[in-house]
Amino acid sequence: MTNFDRQANNTQTATFSMGCFWGPDSRFGHLPGVLRTRVGYAGGTLPNPTYRSIGDHSETLEIDFDPEVICYSDILTLFWDSHDAVKDRNYKGRQYLSLLFYHNSEQQKIADEVKIKWEKKYNKQIQTELLPYTHFYRAEDHHQKYFMKRYPKALEAVSNLFPTYTDYIDSTIAARLNGFVREYGLLSDIKKELEFWGLNDSEKHTLQKLLTTIRW
């Protein structure tokens with residue numbers, strides 16, 4: 001059974017922290033080219049952190065994306081445009097730090113370049129800490145696609161398409177709709193995008209019908 005994911009020949013991962021992870025999940029999840037989103041904890045030393053026992057970790061968003069549709073540099077520009085990264089890194093404690101985890105040397109190089117361009121453009125100094133990726137601990141299910149939970153009827157209609165709740169959380173359509181309910185993008189945009197997801201006719205029809213009949 002499908003996860004209603006947008007198909008991609010090449011998938012890359014971006015991982016970053018920018019305060020409470022609910023907002024970034026919706027902000028980045030609506031973007032064409034983003035395949036999946038998940039929130040969790042990273043940057044610390046405590047093994048197996050939880051929301052109630054986060055230790056020295058920070059709330060973190062991790063996304064899988066198609067670099068042929070959205071490039072890593074554009075993701076980083078949006079990252080720095082979407083939160084205050086020029087304040088002292090510890091002004092709200094470690095839970096809400098501004099962190100960027102690069103997965104390889106190419107991501108590190110791009111991050112350095114985008115950071116310099118951003119600082120020159122705004123004449124400000126970014127305080128975000130750039131770190132090599134080591135671990136990402138997935139947060140509890142009730143933190144995933146958080147804003148969709150405000151619309152229980154819509155959530156039920158969408159999640160019923162999947163064999164498990166985890167499959168729903170990990171789907172592209174869940175990422176898009178979680179962004180939509182935060183007023184990022186339109187349902188009509190999602191309908192148009194379905195043409196480029198690589199779905200078969202049955203899958204496409206199912207999602208188009210869902211987007212037409214769903215009640216918010």
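As a reminder, the structure under discussion sits directly above these lines.
Predicted, not measured: the structure shown is a model, and the values here were computed from it.

Caption draft 1: Fine view of the overall build of the chain. When its secondary structure is counted, the chain shows eight helices and six strands. Going from the N terminus to the C terminus, the chain shows its helices and strands as β-α-β-β-α-β-α-β-β-α-α-α-α-α. In terms of overall dimensions, the chain is globule-like: its C-alpha atoms have a radius of gyration of 17 Å, near the 17 Å expected for 216 residues. Overall, the C-alpha framework of the chain stretches about 50 × 35 × 25 Å when taken along its three principal axes. Here the chain holds 216 residues, and the buried ones make up 49% of them. Counting only contacts in the chain whose residues sit at least 6 apart along the sequence, the fraction spanning at least 24 positions is 75%. Just so you have it, the chain exposes about 10600 Å², and 48% of that area is on carbon and sulfur atoms. One finds the centroid of the 27 positive side-chain charges in the chain at a distance of 5 Å from the centroid of its 28 negative side-chain charges.

Caption draft 2: Structural context of the packing of aromatic side chains. Tallying each qualifying case throughout the model produces 14 aromatic pairs. Measuring from ring centre to ring centre gives 5.5 Å for Phe4 and Phe162, while their planes differ by 85°; the resulting arrangement is edge-to-face. With Phe4 in the segment before β1 (12-18) and Phe162 in the loop between α4 (152-159) and α5 (165-169), the pair connects residues that are 158 residues apart, well separated along the chain. With respect to burial, Phe4 and Phe162 carry one shared label: buried. One aromatic cluster is present, formed by Phe4, Phe162, Tyr165 and Tyr168 through successive ring pairs. Cation over ring: Arg182 sits above Phe147, and NZ or CZ is 4.1 Å from the ring centre.

Caption draft 3: Inspection of the environment of Ala85 at higher detail. Positionally, Ala85 belongs in the loop between α2 (72-81) and β4 (98-102). Excluding its chain neighbours within four sequence positions, the residues that come into contact with Ala85 are Trp80, Ser98, Gln125, Ile126, Gln127 and Thr128.

Caption draft 4: How the structure looks around the sheet that holds strand β3 (residues 58-65). If you walk across this open sheet you meet the six strands as β5-β4-β1-β3-β2-β6, and the pairing is mixed. Each edge of the open sheet is held by one strand with a lone partner, namely β5 (129-132) and β6 (137-138). Inspection of the sheet shows β1 paired to β3 by five bridges, in the antiparallel sense. Of the residues in β3, the one forming a bridge with Thr13 is Asp64. Each of β1, β2 (34-42) and β3 touches helix α1 (residues 22-29); the most contacted strand, β2, lies at about 165° to it. Against the sheet, α2 makes contact with β1, β3, β4 and β5, and its axis sits at roughly 170° relative to β4, the strand it touches most.

Caption draft 5: Molecular detail of the pattern of salt bridges. For the structure on display, the rule yields ten salt bridges. For Lys115, the salt bridge goes to Glu119, with nearest N and O atoms at 3.1 Å. With Lys115 and Glu119 both in helix α3 (residues 105-122) and four residues apart, the pair spans about one turn of that helix. Overall, Glu119 belongs to the buried group, its relative accessible area being 17%. Connected via shared salt-bridge partners are Asp5, Arg36, Arg38, Glu62 and Asp64.

Caption draft 6: Summary view of the packing of α2 against α3. It is at 10 Å that the axes of α2 and α3 come closest, and there the two elements cross at 45°. Taken as axis vectors, α2 and α3 run oblique relative to one another. Both α2 and α3 take part in a crossing whose hand is right-handed. In contact with Tyr72, Ser73, Leu76, Thr77, Trp80 and Asp81 of α2, α3 contributes Gln107, Ile110, Ala111, Val114, Lys115, Trp118 and Tyr122. Here the residues of the contact of α2 with α3 are counted per class, giving eight nonpolar, three polar and two charged.

Reading guide: rules and limits
- Residues numbered from 1 in each chain as written.
- Predicted model: local features only at pLDDT ≥ 70, side-chain atom pairs only at ≥ 80, totals over all residues.
- Heavy atoms only, no water.
- Helix = DSSP H or I, 4+ residues; strand = E, 2+ residues; numbered from the N terminus.
- Rg over C-alpha atoms; globule rule 2.2 N^0.38 Å.
- Buried < 20%, exposed > 50% of the residue type's maximum accessible area, 1.4 Å probe, protein only.
- Contact = heavy atoms within 4.5 Å.
- Areas by Shrake-Rupley, 256 points an atom, 1.4 Å probe, with all protein chains shown as cover.
- Lys, Arg positive; Asp, Glu negative; His and termini not counted.
- Charge placed at Lys NZ, Arg CZ, Asp CG, Glu CD.
- Phe/Tyr/Trp six-rings, centres within 6.5 Å; stacked < 30°, edge-to-face > 60°.
- Lys NZ or Arg CZ within 6 Å of the ring centre and 35° of its normal.
- Pairing = 2+ DSSP bridges.
- Axes fitted to C-alpha atoms, helices over the stretch in contact; angles between N-to-C directions.
- Salt bridge = Lys/Arg side-chain N within 4 Å of Asp/Glu carboxyl O.
- Parallel < 35°, antiparallel > 145°, perpendicular 65-115°, else oblique.
- Left-handed = near helix turned anticlockwise from the far one by under 90°.
- Nonpolar A, V, L, I, M, F, W, Y, C, P; charged D, E, K, R; others polar.

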